[in-house]
Structure formats: C-alpha cells, structure tokens
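Chain residues, written in single-letter form:
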Amino acid sequence: MSDVVLSTRNLKKSFGALKATQDVSIDLRAGEIHAIIGPNGAGKSTLIGQICGGLRSDSGRVYLNNQDISSKSTQERARAGLGRTFQISALAMEDTVLENALLGALGHSGNPWRFWGAASRDTDLRDRAIEALVRVGLDGAAGQTTANLSHGQRRQLEVAVALTLSPKAFVMDEPMAGLGAEGSKEMTGFLDKLRHEAPILLVEHDMDAVFSLADRISVLVYGQVIASGTVDEIRSSPEVREAYLGEEA
Ligand code: ADP
Ligand code: MG
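The following paragraphs examine the structure supplied in this document. (Residues numbered from 1 in each chain as written. Chains lettered and ligands numbered in written order. Predicted model: local features only at pLDDT ≥ 70, side-chain atom pairs only at ≥ 80, totals over all residues. Heavy atoms only, no water.)

### Thoughts on the sheet that holds strand β9 (residues 200-203)
Heads up, the rule is: Two strands are counted as paired when DSSP detects at least two bridges linking them. Each helix is a run of DSSP H or I of at least 4 residues and each strand a run of E of at least 2, with the numbering of both proceeding from the N terminus. Here an axis means a line fitted to C-alpha atoms, over the contact stretch when the element is a helix, while the angle between two N-to-C directions is reported on a 0 to 180 degree scale.
Strand order in the open sheet formed by six strands is β7-β8-β9-β4-β10-β11, and the pairing between neighbours is mixed. The open sheet terminates on both sides in strands that have one partner only, identified here as β7 (82-85) and β11 (224-229). Taken over all neighbouring pairs, the strand axes of this sheet differ in orientation by 20° on average, direction set aside. Note: β7 against strand β8 (residues 169-173), four bridges, orientation parallel. From the neighbouring strand, Arg84 faces β8, where its bridge partner is Val171.

### Structural notes on the site of ligand 1
The condition is simple: Throughout, the term near means that a residue has one or more heavy atoms lying within 4 Å of the molecule or strand in question. Polar contacts, as counted here, are pairs of nitrogen or oxygen atoms within 3.5 Å of one another; within protein the pair requires one atom able to donate a hydrogen and one able to accept it, and residues that are adjacent in sequence qualify only if both atoms are side-chain atoms. Polarity classes work like this: nonpolar for Ala, Val, Leu, Ile, Met, Phe, Trp, Tyr, Cys and Pro, charged for Asp, Glu, Lys and Arg, and polar for all others, with Gly in that last group.
Near ligand 1, the surroundings consist of Phe15, Leu18, Ala20, Pro39, Asn40, Gly41, Ala42, Gly43, Lys44, Ser45 and Thr46. Between ligand 1 and the protein, one listed contact pairs an oxygen atom with a side-chain N or O atom of Lys44 at 2.8 Å. At 2.9 Å from an oxygen atom of ligand 1 is found a main-chain nitrogen or oxygen belonging to Ser45. Residue assignment for the shell around ligand 1 shows that the elements contributing at least two residues are β2 (18-24) and α1 (44-52). When residues in the shell around ligand 1 are grouped by element, the largest group, three residues, is from α1. A per-class count over the shell around ligand 1 returns five nonpolar, five polar and one charged.

### Brief notes about the pattern of salt bridges
Here is the rule we go by: The salt bridge criterion pairs a side-chain nitrogen of Lys or Arg with a carboxyl oxygen of Asp or Glu, the two atoms within 4 Å. With a 1.4 Å probe rolled over the protein chains alone, any residue whose accessible area is under 20% of its type maximum counts as buried; one over 50% counts as exposed, and the rest are partly exposed.
Summed over all chains, the structure comprises seven salt bridges. Glu131 is the partner of Arg135 in a salt bridge, and the nearest nitrogen-oxygen pair spans 2.7 Å. You can see Arg135 and its partner Glu131 sitting in helix α5 (residues 123-136), four residues apart, about one turn around the helix. Assessed through its relative accessible area of 38%, Arg135 is described here as partly exposed. Here Asp192 ties to Arg195 by a salt bridge, and the two come within 2.6 Å at their closest N and O atoms. Classification of Arg195 by relative accessible area gives buried; the value is 10%. Here the residues in one salt-bridge network are Glu131, Arg135 and Glu197, joined through shared partners.

Set out below in structure tokens:
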C-alpha cells in the first residue's frame, strides 16, 4: 500500500522463555493515529523498543517509507525520520527549553556535544529549534529552565525535539502517563493537531484519549495482535472485550 509510512513485519522478541512479541505486523498510514492497546505486560513497550532500535529483534523487519531500517541504530532511525518520544523523559532538566530543542536540531549534524558552543551560535540550527518550539506552542517558554515546565509541557518539548529532525512518523509510549485528567485532555488536543505533521503510532493506556484520537486500533495480548480495526470495530468486538476491555469495564 502506497500510503503506508511505517510498518513492521513479523517482529519477534523473547526474554528467555517469555515471548514478549510474536509476529507483530502493523502499518501506520499517512495522516493517521494508530493506537496500540493491551493489558500490562502485553509487549507494547517491547514493540516500541524494537521499532525504535533500542531493543534488538530476534526476527522480523521494520520499514520507514519502504526503506528497511531494521539493522539501523536508534540514532540512525531517528535521522531517517522516526520521531520517538520517551516514556521516561530524556530532556536535560537544568538546560533551557531552547537548549533542549537545539540539542535535538544538532542530531542532524552528528556528534551532539562536540560542537555545542558553535551550535548555539549557528543561526540555521537556532531557526530550526525555534520553529519546532513554535509548532508545539512553547516558543514563549524558550528561555525558561526545562525543570520549570509542567509534565505536559515537557512532553510537548520532547515532541519539539523530535520535530527538529523532520520526522516522517511519530512513535509514542504512553504520552498521557502521569498527566492527570486536565493534562490528558490538553495532550489529546495537542496530538490531534500533531497528526498533521506526521502520523502517530500511539501506545496509550488512557482509553478516553485512544477512543477520541485513534483512526485505527490494534490490540496486543501476550505479544500478539488479536484484533485491528476502527474504534467502533474494536469497541464492539467480543474477542477484544473478553481479552481486554471487559476487564476495564
Ligand atoms: P507493556 O509495555 O505492554 O506493559 P512490556 O513490553 O514492557 O509490556 O513487557 C512485555 C513482557 O516482557 C512482560 O512480561 C515483561 O515483564 C517482559 N520484559 C520486558 N522487558 C524485559 C527485559 N528487559 N527482560 C526480561 N523481561 C522483560
Ligand atoms: Mg509499557
């Protein structure tokens, strides 16, 4: 299919005898939010690690814009256009918001630290960093220390960092975690706009967010995709209710 931006084919990962992911094949299409849901321990974070390169797959492939990125490092995948945001924040808390965005922009140019002094004076990098902050609505906070941001703003800053690399697809592991009801609502609105920048593969536990955002949902249980479909199809699937949603209700 021509509009598939990111896809996995038969991804597998075991930890000893435990099969964390088994033959996971999913597609992320242009413009969409594809949510991955499933109970704790289903293999969601393992899958994200395999897609982003932090975890080496036992077998299977990952494609970004039809390019096989399976053997690339995490950094090479990011440079190829895989926009990852982290379950645990990788921001430098004592640095300013702009400095964090600059650090992201530097990812374009290889070694992130070596040319730091020069980079902060490089207008091209600055422009790209500031533009990314504008796009996530954080340009007003550019000079603030990152530690002063709210949880939600930090997540937005992570997205800004990812945006500096002109991502072709976003991959997110539980962006709503720890945000509270109000923060989750704001983040939902944010992601709804962000999908126009690049499609989002979204692992999320917050079902309100998933049901309001997702164009498609895949359900992962014991490392296997047991169902994939629209929100309505997933909500009304007896198998899914039994395996997963039923527990929540
Ligand atoms: P989820 O994100 O859906 O909650 P995970 O991908 O984190 O699930 O975990 C899937 C399974 O793999 C769980 O049983 C978990 O305990 C196990 N697991 C995850 N990472 C490791 C690891 N590094 N070593 C051993 N077992 C792991
Ligand atoms: Mg997880």
